[in-house]
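# Examination of the molecular architecture
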Amino acid sequence: MNELDAILAPYQGRQRDALLPVLWDVQTAYGYISADAVHAISHTLRVPESDIYGVIGFYSLFHDEPVGETVIRVCTDLSCGLAGADDVLHELLVEIGIGHGETSSDGRYTIGHTTCLGLCEHAPAALVSRRGVGEHSVASATSQRLLNGTERYGAVVGGDALNLLQDLDQPLQDYAALRQALFDLTQEQVIAEVEQSGLIGRGGAAFPTGMKWKFTHAVDKWPKYVVCNADESEPGTFKDRVLMEHRPHLILEGMALCGYAIGASKGYLFVRGEYPLATSEHLVEAIAEAEAAGLLGDNIMGSDFSFRVEIRRGAGAYICGEETALFEAIEGKRGFPRIKPPYPTTHGLFQQPTVVNNVETLSAVVGIVEHGAAWFKQWGTEKSAGTKLISISGHVGRPGVYEINPGMTLRELIEDHCGGFVGELQAVLMGGAAGTFLTPDEIDVRLTFEDLRAAGSTLGSGAIMVFNTSVDMRDVLGRLGKFFQHESCGKCFPCQLGTQRQMEILVREPLAGDRERLVDIGLTMTEASLCGLGQTAASAVLSAIQRWPELF
Amino acid sequence: MTKTVTLTIDGDSITVPEGTTILEAARQLDKDVPVICYHDATTANGLCRVCVVDVNNGRVLQPACVAACTDKATVETRNERVERSRRTILEMLNSAVDLAEAPEIQDLMDDYSVDRERFPDAKRREHDLKDDNPFYVRDYSQCVLCWRCVQVCAEDAQYTFALTLDGRGFETHVSTAFDIALTDSPCVFCGQCIGVCPTGALKPKVEFGIQQGWSMEDIQRSTRRPRRKNITIED
């Protein structure tokens, strides 16, 4: 049996949904996915070659032609850009003697930039892929560190309400909340507790979690699925990565609780491809430990509830954080968002009833079931119940993940917990690239979903990026424009064309009429795009036009 | 009995079976809702968004081709919001794609007072003409990405799967696997893709030859099967 046959052997009899895993295996072995490999995969999974080629072409981390033995991708998005990523990338290219995106003549290196890697607190960051080995992340990247090896990075955490962020790196304990649910609570009781807690989704859309579970539970159609959305890709957001790296069991227990509540026996944990440490080490090990301890698998803790979790690794596509695009990726397709309705609660993964929740949301459920809704509501406000994780980066003394009691102000968070402002504050970007800017006179806003909404801003996924007066806001806007241009999936015209035109206007010298052009593009993307990506791709730009009209 | 819903479209009331799209209902009332990607014979995907309409003054506009009518809804098929989205989409499309052979889109641009120079120095989607078989030429510089050709090649009709979408975002384009010639692909030259192309990106070779002003002899030569090149004919 040749090497390719050996790679494909475990996939015999599998179907299209195994496509992303096969492509990862082939690429890890060969560095890229050749036409011969596509031919063989086509026969194994019974998927047309053209479709496989289209899938490879959709995801940034897949290659369909040979690349260097080592591929280095330096993040040049906002926080890494502030920390000198452009210089690191430039030095690296000079040192190897190649241009951007090129492969060195000895075949050792391919070097280019990438969109946000979710290591904003360790900016600048890079992702290094080595043929035959796989990927690893490099924090605080310099050209020397990128060429010479790796050091592990640690978690920078803080806040005034440590709950999810306590007990980091603790070895496997009993899944006490799951045990309680299995033996003392009905499915309806679990759902009721989650509903009463007031927990709303932590991924950015802020949908009530209990309601989602209740709707899915009520559908008389089987099987049902639990999907954990760990495709954390919003620039400036890295809280889920910290949970996956340091509290993986919390996430698995949350998924199992959801499975019990809605009647699902299978869960998928879809992790972005840019998180190799979380994926290949922490989560894989945690699943093995939990299965060995009888906390996941068949007849958990001797009950009649069985639940397994399968990790699926993304391959570089921000859009796959959109829930229906994520389903498409698991199903082995290009990550195009679907038209809604129908919604995932009735037609989700494989067109079956599905609950899809963010990593932080599922983690929060564990405490709610174990200690009760009232315990959860000791933090926050009526409409922003429970603790909230904030990813903060840019010009603050101590960038990191902070777990807060919602209600404190943005100023209090930064001055009392994050080491204060570095330099003189110019702007804060709330909610990531899809969020909105605040000016220095707006930072006494309370950090709750409702206060920020009332202020015309958003808490979103809890990303906060801070810019001092040394920053050229046109440069910031240009990077945002490039991000969305790179990440638009290309399905609907407003976003496919609008992200390109928006980016072009933001990176060139301003022309008369640009403000009107940006407003027309922005409102068209916001009102006419198919999914949440396009609908928010102009949000930061439109907020900047309101606050700094002189920039346009 | 089928459940029905009653709504108003531009002030006119209509009752339709549940599940009817807004586009279908609007057409029954002879309302003009423009479309680019929509085709009666292919799966509607809500891509071009030129058919967006305002439903109940909602946060976002709704694509009439896929959005179902809802009871008591108030639909406006052409107000200020709708016009801005349609006009801007057309301006951006015109700045990216060669629409010279898309008369319906040209008419639409006139109707919506499109500024054809709205985006100076904008990057265009330019591709080399693909002339790799005796039947069709493919000029993806004229492709608006309506997906119809890919769909009829796949589950909407032919189940041949010669075509796919490659790339992402603005760089998305229709391609064969690894961009091989159609003659090396599973293509059976059924011609259905040509039939559904709205812009002249796909066209029969004869039509292309006539447009180029080729002589009949040249056209005939170009449509010969390529393998004859390798046959030596004694004359």
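Quick caveat: nothing in here was measured; it's all calculated off a predicted structure.

This brings us to the overall build of chain B. In terms of helices and strands, chain B carries seven helices and nine strands. Overall size of chain B, expressed as C-alpha extent along the three principal axes, is 75 × 50 × 30 Å. Expressed as a percentage of its 235 residues, the buried residues of chain B come to 51%. The long-range fraction of contacts in chain B, counting pairs at least 24 apart against all pairs at least 6 apart in sequence, stands at 55%. Taking the 28 positively charged and 38 negatively charged side chains of chain B as two groups, their mean positions are separated by 3 Å.

Residue and element names in this part refer to chain A. Strands sit in the order S8-S7-S6-S9 across an open sheet of four strands; the sheet is parallel. In the strand order of this sheet, the two ends are held by strand S8 (308–313) and strand S9 (354–358), each with one partner. Across the sheet, the mean angle from the axis of one strand to that of its neighbour is 20 degrees, orientation sign disregarded. Sheet analysis places strand S7 (residues 266–271) next to S8, joined by six bridges and oriented parallel. Among the inter-strand pairings, Val271 is bridged to a residue of S8, identified as Arg313.

In this approach the atoms are scanned with a rolling probe the size of a water molecule, which exposes any empty space left behind. Residue and element names in this part refer to chain B. Within the structure shown, the criterion is met by eight cavities of 30 Å³ or more. Every element with two or more residues in the lining of the largest cavity is listed here: strand S6 (136–138), helix H4 (148–153) and helix H5 (192–196). Looking at the lining of the largest cavity residue by residue, the class counts come to 13 nonpolar, four polar and one charged. Its boundaries defined by the atoms lining it, the second largest cavity holds a volume of some 120 Å³.

Let us look at the interface of chain B and chain A. With 49 residues of chain B at the interface, the matching set in chain A holds 50 residues. Here chain B packs against chain A, burying approximately 3,900 Å² in sum over the two surfaces, 58% of which is carbon and sulfur. Contact with chain A buries surface across chain B, with B:Met92, B:Arg168 and B:Phe178 losing the most and accounting together for 22% of the total. The tally of links between chain B and chain A comes to five salt bridges. Between A:Asp520 and B:Arg118 there is a salt bridge; the shortest N-O distance is 3.0 Å. One can count 25 residue pairs in polar contact (both at pLDDT 80 or more) joining chain B with chain A. With 10 residues, the top contributor of residues to the side of chain B that touches chain A is helix H2 (residues 80–96) of chain B. A breakdown of the residues in the side of chain B that touches chain A according to their chemical character gives 26 nonpolar, 11 polar and 12 charged.

Residue and element names in this part refer to chain A. Along the polypeptide, Tyr175 turns up in the loop between strand S5 (157–159) and helix H8 (176–184). The class for Tyr175 is buried, based on a relative accessible area of 2%. For the pair Tyr175 and Cys418, spaced 243 residues apart in sequence, the C-alpha to C-alpha distance is 32 Å. Apart from residues no more than four positions distant in its own chain, Tyr175 is found in contact with His249, Leu252, Glu253, Ala290, Leu295 and Met301.

Here we come to the domain arrangement of chain A. Annotation of chain A at the domain level lists domain 1 (3–58), domain 2 (70–147), domain 3 (158–376), domain 4 (388–468) and domain 5 (473–551). Summarising the inter-unit geometry, the C-alpha centres of domain 1 of chain A and domain 4 of chain A are found 43 Å apart.

With respect to the element layout, A:Ser488 can be found in the loop between helix H19 (473–487) and helix H20 (493–507). The buried category is assigned to A:Ser488, whose relative accessible area is 0%. Not counting residues within four places of it along the chain, the set of residues in contact with A:Ser488 comprises A:Cys495, A:Gln496, A:Thr499, A:Leu533, B:Arg168 and B:Gly169.

All names here are of chain A. Tallied over the full model, the rule gives 51 salt bridges over all chains. In this structure, the salt-bridge partner of Lys340 is Glu322, at a minimum N-O distance of 3.4 Å. Residue Lys340 is found in the loop between helix H14 (323–330) and S9, and its partner Glu322 is found in the loop between S8 and H14; the two are separated by 18 residues along the sequence. With a relative accessible area of 31%, Lys340 lands in the partly exposed category. Overall, Glu322 belongs to the buried group, its relative accessible area being 13%.

Residue and element names in this part refer to chain A. Taken across its nine residues, helix H23 (residues 539–547) has eight buried, putting it largely inside the fold. Every buried residue of H23 is listed here: Ser539, Ala540, Val541, Leu542, Ser543, Ala544, Ile545 and Arg547. In the core, the buried residues of H23 are packed alongside strand S12 (425–430), strand S13 (436–438), H19, H20, helix H21 (514–528) and helix H22 (532–536).

All names here are of chain B. According to the domain assignment, chain B consists of domain 1 (1–123) and domain 2 (136–226). Taking only C-alpha atoms into account, the centre of domain 1 sits 27 Å from that of domain 2. Tallying the contact residues gives 17 residues for domain 1 and 19 residues for domain 2. With both chains or domains summed, domain 1 and domain 2 bury close to 1,500 Å², and 53% of this area falls on carbon and sulfur atoms. In this structure, the connection of domain 1 to domain 2 is made through two salt bridges. We note a salt bridge from Lys123 to Glu171, for which the minimum N-O separation is 3.0 Å. The tally of links from domain 1 across to domain 2 stands at 11 residue pairs in polar contact (both at pLDDT 80 or more).

Attention now goes to the confidence of the model for chain B. Residues with a pLDDT of 70 or more make up 95% of chain B, whose mean pLDDT is 94. Per-residue pLDDT stays below 50 along residues 227–231 of chain B; that stretch engages in one contact with residues further than four places along the chain or on separate chains.

What follows is about the sheet that holds strand S1 (residues 4–9) of chain B. Residue and element names in this part refer to chain B. Read across the open sheet, the five strands follow the order S2-S1-S5-S3-S4; overall the sheet is mixed. Both outer strands of the open sheet, strand S2 (12–17) and strand S4 (62–63), are each paired with one neighbouring strand and no more. Examined bridge by bridge, strand S3 (residues 52–55) and strand S5 (residues 74–76) share two bridges and lie antiparallel to one another. Directly across from Val55, in S5, lies its bridge partner Val75. Against the sheet, H2 touches S3 and S5, its axis set at about 160 degrees to S3.

Let us look at the nonpolar core. Formed by 151 residues in total, the largest nonpolar core has its most connected members in A:Ile41, A:Tyr59, A:Leu146, A:Phe437 and B:Ile36. Apart from residues lying up to four places away in sequence, B:Ile36 is in contact with A:Phe493, B:Cys48, B:Val50, B:Leu90, B:Leu93, B:Ile105, B:Leu108, B:Val144 and B:Arg148.

All names here are of chain A. With respect to the helices and strands, the residue Thr237 is situated in the loop between strand S6 (225–230) and helix H11 (239–246). Among the residues examined, Thr237 registers a relative accessible area of 2% and is labelled buried. Put simply, Thr237 and Cys492 are 255 residues apart on the chain and 26 Å apart in space, counted from C-alpha to C-alpha. With residues near it in sequence (within four places) discarded, Thr237 still touches Gly118, Cys120, Glu232, Tyr275, Ser391, Ser461 and Ala463. Here the side chain of Thr237 touches Ser461 through a polar contact of 3.0 Å, side chain to side chain.

What counts, and at which threshold
Along each chain, residues carry numbers from 1 onward, in the same order as the chain's sequence is written. All chains are assigned letters beginning at A, and all ligands numbers beginning at 1, according to the order in which they are written. For a predicted model such as this one, the threshold for reporting local features is a pLDDT of at least 70, and the threshold for listing and counting side-chain atom pairs is 80 or more; totals across whole chains, interfaces and linings nevertheless cover every residue. Heavy atoms from the whole structure form the basis of all side-chain values; hydrogens and water molecules are not counted. Secondary structure elements follow DSSP: runs of H or I no shorter than four residues count as helices, runs of E no shorter than two count as strands, and numbering proceeds from the N terminus. Type-normalised accessible area, obtained with a 1.4 Å probe on protein chains alone, sets the label of each residue: buried when under 20%, exposed when over 50%, and partly exposed for intermediate values. Contacts are assigned to residue pairs with any non-hydrogen atoms lying within 4.5 Å of each other. For the charge count, each Lys or Arg is scored as positive and each Asp or Glu as negative, with His and the chain ends excluded. The location of each charge is read from NZ of Lys, CZ of Arg, CG of Asp or CD of Glu. Note on pairing: DSSP must find at least two bridges between two strands before they are called paired. Structural elements are reduced to axes, namely lines fitted to C-alpha atoms, with helices fitted over the stretch in contact, and the angle between N-to-C directions of any two is expressed from 0 to 180 degrees. For each structure, a 1 Å grid was placed over the protein atoms alone; sets of points admitting a 1.4 Å probe that cannot get out are labelled cavities, open sets with protein on both sides within 12 Å along at least five of seven lines are labelled pockets, and lining residues have an atom within 4 Å of a point. Grid points are joined across faces, edges and corners, and a volume is the space filled by probe spheres set on the points. Basically, the charged four are Asp, Glu, Lys and Arg, the nonpolar ten are Ala, Val, Leu, Ile, Met, Phe, Trp, Tyr, Cys and Pro, and anything else, Gly included, counts as polar. Buried area: the accessible surface (1.4 Å probe) lost by two parts on joining, summed over both. A carboxyl oxygen of Asp or Glu within 4 Å of a side-chain nitrogen of Lys or Arg is what we treat as a salt bridge. Nitrogen and oxygen atoms within 3.5 Å of one another constitute a polar contact, given that in protein one can donate a hydrogen and the other can accept it, and given that sequence-neighbouring residues count only through two side-chain atoms. In this entry, domain limits derive from an automatic or database-based domain assignment. Per-residue confidence from the predictor is reported as pLDDT, a score between 0 and 100. Here the nonpolar core consists of buried residues drawn from Ala, Val, Leu, Ile, Met, Phe, Trp, Tyr and Cys, with membership extended through side-chain atoms lying within 4.5 Å.

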